[in-house]
Structures are given as C-alpha cells and as structure tokens.
Amino acid sequence: MTSTTLTISSKTYSSWSLRGWLLCKMAGLDFEERVLSSSDPSTRAELLLLSPSFLVPCLEHDGTSVWDTLAIAEYVAEIKPNAGLLPRDRAARAHCRAISGEMHSGFANLRSALPMNLKARHPNFKIWSGAQADIDRVLSIWKGCFIAYGGPYLFGEKPVVADAMYAPVCTRFASYDVKLDADCARYRDLMLHHPFMKEWKAASQSEEEELEELDVEF
C-alpha cells in the first residue's frame, strides 16, 4: 500500500491536474489517484477559471500535503533528486524555474480563450489578439530553450519541470489548430506522444461527465 495520494480533477479539462500528475509520474513517485467530480464546487471554480486559487491538485506524501503545482514540483524534485526534474546546471535550473513560474502566474488570455479540452477539435479556430500575444510569448520561450539547450525537450534530452508546466499548452495548440513553425510543432508532437501524456489522454476519454459551460461556448 502506498502512503501517497494525488487528488486531481477532470482529466479532460484540468490543466493544473495534468501538470501535477505529470510531475509525480516523471519523478517516479508511487501514488494513488483521487479524482474529484466536476460537480464539486471547488473543482468547477478551477475549471471555469472562477477562482484565483484552488487546492487541486494536492499531493499527500508521508503526512505532508502540498497543493500548489510549483510547490509540488519543488517537493517531488527534493524527495526524488535522482529523477532529474530540475537541470543540473545552476543557470539552466534558474531558467527552468523562471519559465515555469511565468506559466504558473501568467498567460491569462491564453487560458480563457483556449481552455484545455482533450475531447475538442476546432479546425481554423479564430484566435484574437490577446491570446495571440500569449501564444507568441510561449513560442518565444520554447525557441529560446531549443537554441540554448539543443532539444528535443525544453532543457535537453529528457523532460523536466518546465515541460510538465507547458504540457497543457501543447494540448491547447492541438485542440485549437494553432499554427506553429516546424521546431515548435515537433516539440508539441513530442510532448503529446510521450507515454505519460498518452496515458492521461486515454483515461480522459472514459470520463462521462462534461462541463457544459465550456462545451457550449466553444
């Protein structure tokens, strides 16, 4: 029996749950999932961007509860140092933390205009200027990482915290048919075909509940 539990919400809609789950999987942490119903008020507040803060995902490990995604990242990197969730080089590690923090606290227009929905496909989706500015910034971050660290992931040969933080963006770019250059499209596809991402998406397809507010709007 594991003493570790990760509480998440919808695998179809919850970008934050995906990030926390990926971090735990990348760390090699043995954990049980606890999935909250989308009818739970706090869950709906998270998925519909109605709350500036929320308690999902939440990692419970050996009597410690950690509920912020970046805090989960730092925690699992600390208890699983050999997993390589943060780059070894100090400057690269600082860069990884910086762009992860930027995703954690920014890109509000991208989140609201292109909400995560793994069951949706919107060919030729109209992207307004506010969201496009966020998209351009994401692509600038990615390209800077490719130049600095050589790919194929953001910081080299294996995924790190930053890749987990930007993974939901890859799903958004696919769902909303966002046009990308060759390098960024290659990275998007690399992330979408990662075994952990494929496992998450397969599980999302069996979810019966739908969030009508998102599905009707888009």
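Here the structure is shown first, and the text comes after it.
This one's a predicted model, so the numbers in the text were calculated from it and none came from an experiment.

Procedures and definitions
- Residues numbered from 1 in each chain as written.
- Predicted model: local features only at pLDDT ≥ 70, side-chain atom pairs only at ≥ 80, totals over all residues.
- Heavy atoms only, no water.
- Bend = angle between axes of the 7 residues up to and from the residue.
- Helix = DSSP H or I, 4+ residues; strand = E, 2+ residues; numbered from the N terminus.
- Buried < 20%, exposed > 50% of the residue type's maximum accessible area, 1.4 Å probe, protein only.
- Core = buried A, V, L, I, M, F, W, Y, C linked by side-chain atoms within 4.5 Å.
- Contact = heavy atoms within 4.5 Å.
- Pairing = 2+ DSSP bridges.
- Axes fitted to C-alpha atoms, helices over the stretch in contact; angles between N-to-C directions.

A. Representation of helix H7 (residues 161–175). If you look at H7, its biggest bend is around 35°, right at alanine 167, and the proline proline 168 turns up within four residues after that. With 14 of 15 residues buried, H7 is to be regarded as a mostly interior element. Just past H7, the residue aspartate 177 takes up positive phi, approximately 55°.

B. Representation of the nonpolar core within the structure. The biggest cluster of nonpolar side chains holds 62 residues, and the ones touching the most others in it are Val76, Val138, Trp142, Leu154, Phe155, Tyr166 and Phe173. Mapped onto this core, the elements with two or more residues apiece are strand S1 (4–8), helix H1 (15–27), helix H3 (69–79), helix H4 (90–105), helix H6 (129–149), H7, helix H8 (182–192) and helix H9 (195–204). Among the elements that take part in this core, H7 stands out by supplying nine residues, more than any other. Each residue touching tyrosine 166, except ones within four places of it in the same chain, is listed here: Ile99, Met103, Phe107, Val138, Ile141, Trp142 and Leu154.

C. Layout of the sheet that holds strand S4 (residues 64–66). One open sheet accounts for four strands, arranged S2-S1-S3-S4; its pairing is mixed. Every interior strand has two partners, whereas the edge strands, strand S2 (32–35) and S4, have only one. Neighbour-to-neighbour, the strand axes of the sheet open up by a mean angle of 20°, direction not taken into account. Sitting on the sheet, H1 touches S1, S2 and strand S3 (58–61), and the angle it makes with S1 is about 160°.

D. Just the side chain of arginine 188, in detail. Tracing the backbone shows arginine 188 in helix H8. Assessed through its relative accessible area of 17%, arginine 188 is described here as buried. Once you skip the residues sitting within four places of it in the chain, arginine 188 turns out to touch Cys170, Phe173, Ala174, Val178 and Leu180.

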